[in-house]
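The chain contents come next:
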Amino acid sequence: MAWEFEQAGKFGSEKAADDYARRNNLDPRDVQITRKGGEVELSIRRSALDGRNLRDNGEGRRDGWG
């Protein structure tokens, strides 16, 4: 069974994406951080998002929630 991940935004660095995940108390197993060219994309396992109100202060983010 494959896990379904939802794109959570683009960041300027792996550290910025990791900091965002840590601020929101996401389990490291529930996030994927992928470098694509000059950007870093953060994806979060859909089941980890259920009922969660993620805090977003925009720090390090290059885009917002769609």
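What comes next concerns the included structure.

Thresholds, definitions, all that
Residues numbered from 1 in each chain as written. Predicted model: local features only at pLDDT ≥ 70, side-chain atom pairs only at ≥ 80, totals over all residues. Heavy atoms only, no water. Pairing = 2+ DSSP bridges. Helix = DSSP H or I, 4+ residues; strand = E, 2+ residues; numbered from the N terminus. Axes fitted to C-alpha atoms, helices over the stretch in contact; angles between N-to-C directions. Contact = heavy atoms within 4.5 Å.

## Quick word on the sheet that holds strand 1 (residues 5–11)
Phase 1: Strands sit in the order 1-3-2 across an open sheet of three strands; the sheet is antiparallel. Pairing within the sheet leaves two strands with one partner each, and these edge strands are strand 1 and strand 2 (31–36). The average undirected angle you get between the axes of adjacent strands in this sheet is 25 degrees.
Phase 2: As paired strands, strand 1 and strand 3 (residues 39–45) are joined by six bridges and run antiparallel to one another. Bridging from a neighbouring strand, Phe5 pairs with Arg45 of strand 3.
Phase 3: Docked against the sheet, helix 1 (residues 14–23) engages strand 1, strand 2 and strand 3, running at close to 160 degrees with respect to strand 2.

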